[in-house]
Amino acid sequence: GNRSHPTCRLSQSPILHANPFLILSYLPPSLFSFSFSSFSLSYLSLDSPLSPVSAMSHAKSREDANGECRDSKSRVTIVGSGSWGSVAAKLVASNALKLPSFHDEVRMWVFEEVLPNGEKLTDVINKTNENANYLPGIKLGRNVVADPDLENAVKEANMLVFVTPHQFMDGICKKLKGKIKGEVEAISLVKGMEVKKEGPCMISNLISKELGINCSVLMGANIANEIAVEKFSEATVGYRESREIADTWVQLFSTPYFMVTPVRDVEGVELCGTLKNVVAIAAGFVDGLEMGNNTKAAIMRIGLREMKALSKLLFPSVKDSTFFESCGVADVITTCLGGRNRRVAEAFAQSGGKRSFDELEAEMLEGQKLQGVSTAREVYEALNHRGWMEMFPLFSTVHQICIGRLKPDAIVNYRNFGPNPKL
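Because the structure is a prediction, the values reported are computed rather than measured.

Asks: Pulling in residues and values, what's your account of the overall build of the protein?
Replies: Within the protein one finds 16 helices and 14 strands. Here the protein, with 423 residues, has 55% of them falling under the buried criterion. Excluding contacts between residues fewer than 6 apart, the proportion of contacts in the protein whose partners are at least 24 apart in sequence is 70%.

Asks: Can you explain the sheet that holds strand 12 (residues 214-219)? Please cite residues and give values.
Replies: Taken together, the eight strands give an open sheet; going across it, the order is 7-6-5-8-9-12-13-14, and neighbouring strands pair in mixed fashion. This sheet does not close on itself; its edge strands, each paired only once, are strand 7 (144-147) and strand 14 (258-263). Sheet twist, expressed as the average angle between the axes of neighbouring strands with direction ignored, equals 25°. The sheet contact formed by strand 5 (residues 74-79) and strand 6 (residues 102-109) spans five bridges and is parallel. Paired with Ser-74 across the bridge in strand 6 is Phe-102.

Asks: Explain helix 11 (residues 293-314) to me, and be specific about the residues and the numbers.
Replies: Compared with the 32 Å implied by 1.5 Å per residue over 22 residues, the 31 Å span of helix 11 between its first and last C-alpha is a close match. Those residues of helix 11 not exposed but buried are Thr-295, Lys-296, Ile-299, Met-300, Ile-302, Gly-303, Glu-306, Met-307, Ala-309, Leu-310, Ser-311 and Leu-314.

Asks: Can you explain the environment of Ala-153? Please cite residues and give values.
Replies: Residue position: Ala-153 is located in helix 5 (residues 150-154). In sequence terms Ala-153 and Met-108 are 45 residues apart; their C-alpha atoms lie 6.9 Å from each other. The contacts of Ala-153, once residues within four sequence positions are left out, are Thr-77, Arg-107, Trp-109 and Asp-147.

Asks: Explain the packing of helix 6 (residues 169-176) against helix 7 (residues 203-211) residue by residue, including any values.
Replies: One can describe the packing of helix 6 onto helix 7 by two numbers: an axis separation of 9 Å at closest approach and a directional angle of 20°. Here helix 6 is positioned roughly parallel relative to helix 7, judged by the angle of their axes. Here helix 6 and helix 7 pass one another in a crossing that is right-handed. Residues Met-169, Asp-170, Cys-173 and Leu-176 of helix 6 pack against Ile-203, Leu-206, Ile-207, Glu-210 and Leu-211 of helix 7. Broken down by class, the residue content of the contact of helix 6 with helix 7 amounts to seven nonpolar, no polar and two charged.

Asks: So, unusual backbone geometry: which residues are in play, and what are the values?
Replies: Negative phi characterises most residues that are not glycine, and trans characterises most peptide bonds. One non-glycine residue, Glu-230, lies in the positive phi region at around 65°. Checked against the element boundaries, Glu-230 lands in the loop between helix 8 (224-228) and strand 13 (233-238). Taking the relative accessible area as the measure of exposure, Glu-230 reaches 43% and is therefore partly exposed. Its identity as a non-glycine residue notwithstanding, Glu-290 has a phi of 55°, on the positive side. The residue Glu-290 is located in the loop between helix 10 (266-288) and helix 11 in this model. For Glu-290, a relative accessible area of 73% gives the class exposed.

Asks: Describe the pairing of strand 9 (residues 185-188), naming the residues involved and giving the relevant values.
Replies: Residues Glu-185 and Ile-187 of strand 9 are buried on one face, and the alternating residues Ala-186 and Ser-188, pointing to the opposite face, are buried as well. By the bridge criterion, four bridges tie strand 8 (residues 159-162) to strand 9 in an arrangement that is parallel. Considered in strand 9, the bridge of Val-161 is made with Ile-187. Read as a crossover between parallel neighbours, the route from strand 8 over helix 6 to strand 9 is right-handed. Pairing analysis gives four bridges linking strand 9 to strand 12, with the strands arranged parallel. Note that in strand 12 the partner of Glu-185 across the bridge is Asn-214.

Asks: So, the environment of Ala-224: which residues are in play, and what are the values?
Replies: Among the structural elements, Ala-224 can be located in helix 8. On the basis of relative accessible area, Ala-224 is assigned to the buried category, the value being 9%. Between the C-alpha atom of Ala-224 and that of Trp-84, which follows or precedes it by 140 residues, the distance is 5.2 Å. Apart from the residues within four sequence positions on either side, Ala-224 is in contact with Ser-83, Trp-84 and Val-87.

Thresholds, definitions, all that
- Residues numbered from 1 in each chain as written.
- Predicted model: local features only at pLDDT ≥ 70, side-chain atom pairs only at ≥ 80, totals over all residues.
- Heavy atoms only, no water.
- Helix = DSSP H or I, 4+ residues; strand = E, 2+ residues; numbered from the N terminus.
- Buried < 20%, exposed > 50% of the residue type's maximum accessible area, 1.4 Å probe, protein only.
- Contact = heavy atoms within 4.5 Å.
- Pairing = 2+ DSSP bridges.
- Axes fitted to C-alpha atoms, helices over the stretch in contact; angles between N-to-C directions.
- Expected span 1.5 Å × (residues − 1).
- Parallel < 35°, antiparallel > 145°, perpendicular 65-115°, else oblique.
- Left-handed = near helix turned anticlockwise from the far one by under 90°.
- Nonpolar A, V, L, I, M, F, W, Y, C, P; charged D, E, K, R; others polar.
- Right-handed = clockwise from strand over helix to strand, strands pointing away.

Now the structure itself:
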């Protein structure tokens, strides 16, 4: 077996305890036989990555890049500590305590801030077990340890969860380059990317290229504050080759109120999580102008059409079915109904475009960052460079409204709504 894979004992899975039938959605058929008459579940494949025998072999010590023996239990670090990063820490920490293959402690890298009372944010998190700035009133778990030193936070981890605004990821990767040792897996929860003229710079690819590690993604209809209070939600894990690694991430994030499904389509899942923020800006304009639910539904439909078309143009391997997962249509719906991009765009439209997005972001988001406005600009530049502007009228219009070239009511220009034979 792959000794770098974290130990995974199915019998102790929190997913199976919560709902034994959920496990059927992502286990390989060779793993078990199921008899309805006897209502029994029995293991058949002893060398399966999730079988008890295989788990025992994985429990042997790992070796780092220098061949030195390392602790057999996996260590997880959350790189980021905003509202979504804090929720990710809460989810992972709850499962780390239950899974014998993981260390109890979950480190969370925190960009250090000084609170109005003079205390450092990391000290407050470690003392109160709450992120007072971005997720007040929510206990993260006593096994979450805040660390302001990025390199120290990740040095013992072999599973890294990246969840920061996308505009910071390049700097984070540069700082960690050459510092990641041994067999390490990563997953990106970053809903954004750098779309350059020569093509999109996917965050998962950035992590893999700069750090030399495999990177999966997790996206979905996930408003952080709702998951924080344990309202039911879904998410999608996008993976490349190893279903074994995907199943580990599913196990690490899944709870009775947070259901995760694996899909072999990293680019499709990641592009859904990115482009839906542009659609949410458009929905915010509609809300700010009080155009009604019919108009908003039309914007969401057109936005999803353009998301799918652009994704498949950029990456022909993207699967149609991905857009029906939580990362696709569900994320479009929830982001266009709530979420910070829609909310700030609504205020922008209400001001008639007279207040800038930078001003509104600073006033309304208390230190958190918008993704949709910067992504709209990057998508516009890529479309313009490739001569695809006429194929994506909604995406093009959103950017031009954001920079003041068009008024907010241009969002319902008739050309956005007609059939587009080029898509």
